[in-house]
Amino acid sequence: MLDSPPMDASDALRILDEEEGRGAQAFRAATTLDELEAAQVTVLGRKAPFSEVQRALGAMSEEDRRSLGKAVNETRSALEAALAGRRAELEGEAETALLEADLVDLTLPGRRLREGSLHPLTLVENEIVDVFMRLGFTVVEGPEVEDDWHNFQALNIPPDHPARTMKDSIYPSVPGRPDLVLRTETSAAQIRTMQSQEPPVYVVHPGRVYRRETPDATHLPVFHQVECLAVDEGITFADLKGTLEAMARALFGEGRRVRLAPSFFPFVEPGAQVEVSCFKCDGVGCVVCGNGWIEMLGAGMVHPVVLENCGYDSERYTGFAFGMGIERVALLRYGIPDMRLLVDTDARVLAQFGAVA
Ligand code: PHE
C-alpha cells in the first residue's frame, strides 16, 4: 500500500464536513433496517473516512488535536442523531406494516356457532328431579344390570309371576350369572336404597329400564322412569296423593287435579293407577287425552313384605312409592306424536327443545 501523505488539520476538517453530509444522505437513502445497518458501517465503521480522521488525530500537534477533537465529536453526534432518527422512522414503518398485515376486517360477517341443545328426555328428567329436590328428596341412581333378587323377589314378584318371563325381561348372558337381568323397572333401586339405609327415606331414582318390547309409537324396549320412594313413621295414602298433586302441578301447571283408580303391582298395597286432569282441556276431553284424564303412573303404599325384605320393621314404618315413564311425560309435554322420534337421533327433531342455557 502506498503511504499517503499524513493528513493535516485542514484535510481533516474538510473530510468531516463531507462525511457529515454524505452520512446523513446515506442514512436517509436506506429503505430498510438492514440497509440502514449497512450504511452505518460505511459511514461510521472502522474503515470509514470518519474513523481515519479519528485515527489521524494521534499524530497531530496538541493544538490541532484539541480543535479537531471538538469537530470530530460534533460530527459523530450529528451522524448518530441522523442514524437514530432514520432508525426510528424505519422501525415505525415496520410496525405499521405488521399491524396492517394483521388487520381484522370487523365488517365481515362472523362464522355462526351451532348451539347444542339438551335432549327432551334430559329436560323432562331434570324438571321432574327438580320438583322432588325442592320437596326435600335426594337423587340416587341404581345399577341397570340387576339381579333376580333386587328386580323381582324383593319386590314381591314370585317366580311364576308373568312379569319375569322371557317375554318381558331381557337377560344378559353372563357365564355363571344366570340371575342377572336388565332392570325392568326403577323399583329395583328402591330395594337397594332401603338395604343401604335406615328410615326415614325420601329418594327419587331416575334411570333407564329395559323390556322386551317391539318399538312403536308408545313403546320402546329401552326407556326411562323416575321412581319416588318415601318411608317414615306415619306415612299415609294422603301423603302419596299430596305429593302426586304437587308434582302434577309443578309439571303440568296449577289447577291440575289427580285421580287414583285401584290397580295392582306386587310391591304395593293398595296400588293405584294415577291420572292427571288434561293440561289442554282440563278434564273435558280432547285429542290429547281422549276422556279428559291422562294416565300418568303407577303408585301405592309400599307392601309390608317389601319393607321386611329390606330389613325394615313394617309395624313401625310405612311408605309410598310411585314410578312414571319419562318418555310419556315428554310426549305429552311437547306434543310429540311418536316415541321413536326421541331415539331416532335426528338433530332436526331434537334441536327444537330447549337450547343449552
Ligand atoms: N314400577 C311400576 C312400573 O314400572 C310403577 C310403580 C312404581 C308402581 C312404584 C307402584 C309403585 O309400572
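Source: prediction; values computed, not measured.

Visitor: Please explain the pairing of strand 6 (residues 258-263) as it appears in this structure.
Guide: A regular strand places its side chains so that they alternate between the two faces of the sheet. Sheet topology note: the strand 6/strand 7 (residues 268-277) ladder contains 6 bridges and is antiparallel. Within the sheet, the bridge partner assigned to L260 lies in strand 7 and is V274. Counting the residues that bridge the hairpin from strand 6 to strand 7 gives 4 residues.

Visitor: Sorry, what's going on with the domain arrangement of the protein chain here?
Guide: Much of the literature gives interface size as the accessible area that the parts lose upon coming together. Here the protein chain is partitioned into domain 1 (9-101) and domain 2 (120-350). Centre-to-centre, using C-alpha coordinates, domain 1 lies 92 Å away from domain 2.

Visitor: I tried to follow helix 1 (residues 9-29) on my own but got confused; where do I start?
Guide: Counting along an α-helix, one turn takes 3.6 residues, and residues three or four places apart therefore face a common direction. When the terminal C-alpha atoms of helix 1 are compared, their 30 Å separation across 21 residues agrees well with the 30 Å that a helix rising 1.5 Å per residue should span. Of all the positions in helix 1, only A12, I15, L16, E19, G23 and F27 are classed as buried. Considered in projection along helix 1, the buried side chains sweep an arc of 105° and stay on one side of the axis. Residues D17, Q25, R28 and A29 are exposed on helix 1 and point more than 90 degrees away from its buried face. Residues of helix 1 that are buried make contact with helix 2 (33-44), helix 3 (49-56) and helix 4 (62-101).

Visitor: How do you make sense of the site of the ligand when you look at a structure like this?
Guide: Of all residues adjacent to the ligand, which total 13 residues, the nearest are E185, S187, R211, Q225 and G323. One nitrogen or oxygen atom from the side chain of E185 is found 2.7 Å from a nitrogen atom belonging to the ligand. Here Q225 contributes a side-chain N or O atom positioned 2.9 Å from an oxygen atom of the ligand. Out of a free accessible area of 330 Å², the ligand has 91% covered by protein chains. Elements supplying a minimum of two residues to the shell around the ligand: strand 5 (222-232), strand 8 (293-302) and strand 9 (318-325).

Conventions adopted
- Residues numbered from 1 in each chain as written.
- Predicted model: local features only at pLDDT ≥ 70, side-chain atom pairs only at ≥ 80, totals over all residues.
- Heavy atoms only, no water.
- Pairing = 2+ DSSP bridges.
- Helix = DSSP H or I, 4+ residues; strand = E, 2+ residues; numbered from the N terminus.
- Domains from an automatic or database assignment.
- Expected span 1.5 Å × (residues − 1).
- Buried < 20%, exposed > 50% of the residue type's maximum accessible area, 1.4 Å probe, protein only.
- Arc of directions from axis to C-beta.
- Contact = heavy atoms within 4.5 Å.
- Near = heavy atom within 4 Å.
- Polar contact = N/O pair within 3.5 Å; in protein donor to acceptor, adjacent residues only side chain to side chain.
- Areas by Shrake-Rupley, 256 points an atom, 1.4 Å probe, with all protein chains shown as cover.

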